[in-house]
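# Examining the three-dimensional arrangement
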Amino acid sequence: MSANVGVVLVSHSPRLAAGLRELLAELAPEGVRVAVAAGTEDGGLGTSYDLIARAVVEADGGAGVVVLPDLGSSVLTAVTVLEDEPRPGVRLVDAPFVEGAVAAVVTASTGAALAEVVAAAEDARAFRKL
């Protein structure tokens, strides 16, 4: 079986990202690597260059990686990491954090290519709840 696209959740809050990762594990329990880069090294709120860099490596199974930041400095820090440490097949995606992650993981679990996973995450912006 070939590798699936991996997902990195970049958040200011370790608890927020852990909760989302828990949800994603229920939706696609096997085959999709979901790594979390949330908070600071000491567990506080914020973002960490080093945690993001490590999470990208952790999520990369060979089929590409989608990086989903929550907001503000998580976006800026992720951009910096990906510019400083470019890796083929790693894409920073402008998508809603929860809906984009769900769409990305579910799509990745089907064995979809990186471009399809990115598109699914980005398309989640149009999901209507009501």
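Quick notes on the rules
Residues numbered from 1 in each chain as written. Predicted model: local features only at pLDDT ≥ 70, side-chain atom pairs only at ≥ 80, totals over all residues. Heavy atoms only, no water. Helix = DSSP H or I, 4+ residues; strand = E, 2+ residues; numbered from the N terminus. Expected span 1.5 Å × (residues − 1). Contact = heavy atoms within 4.5 Å. Salt bridge = Lys/Arg side-chain N within 4 Å of Asp/Glu carboxyl O. Buried < 20%, exposed > 50% of the residue type's maximum accessible area, 1.4 Å probe, protein only. Polar contact = N/O pair within 3.5 Å; in protein donor to acceptor, adjacent residues only side chain to side chain. Pairing = 2+ DSSP bridges. Right-handed = clockwise from strand over helix to strand, strands pointing away.

### Examining helix H4 (residues 97-109)
Compared with an ideal rise of 1.5 Å per residue, which puts 13 residues at 18 Å, H4 spans 18 Å between its outermost C-alpha atoms and is within 8% of the ideal. Contact partners of the buried residues in H4: strand S1 (6-11), helix H1 (14-27), strand S2 (34-38), strand S3 (65-69) and helix H5 (114-123). Gly-111 lies just past H4 and shows a positive phi near 90 degrees.

### Brief notes about the pattern of salt bridges
Within this structure, the stated rule accounts for 4 salt bridges. Salt-bridge contacts for Arg-125 lead to Asp-94; the nearest nitrogen and oxygen are separated by 2.9 Å. Taken as a pair, Arg-125 in the segment after H5 and Asp-94 in the loop between strand S4 (90-92) and H4 lie far apart in primary sequence, 31 residues in all. What makes Asp-94 exposed here is its relative accessible area of 57%. In this structure, Glu-99 engages Lys-129 in a salt bridge whose closest nitrogen and oxygen atoms are separated by 2.9 Å. Of this pair, Glu-99 sits in helix H4 while Lys-129 sits in the segment after H5, and the two are 30 residues apart along the sequence. By relative accessible area, Glu-99 is classed as partly exposed at 23%.

### A look at the side chain of Asn-4
Topologically, Asn-4 is positioned in the segment before S1. Side-chain polar atoms of Asn-4 contact the backbone oxygen of Gly-31, separated by 2.9 Å. Asn-4 has contacts with Gly-31, Val-32, Ala-63, Ala-108, Ser-109 and Gly-111, leaving out every residue within four places of it along the chain.

### Overview of the pairing of S1
Among the 6 residues of S1, 6 are classified as buried, and the element is accordingly described as predominantly covered. Side chains Gly-6, Val-8 and Val-10 of S1 all project onto a buried face; the interleaved residues Val-7, Leu-9 and Ser-11 project onto the opposite face, where all are buried too. As paired elements, S1 and S3 share 5 bridges and run parallel to each other. Of the residues in S3, the one forming a bridge with Val-8 is Val-67. One crossover worth recording links S1 to the parallel S2 by way of H1, and it is right-handed.

Take it as geometry only, folks, not as evidence of what the structure does.
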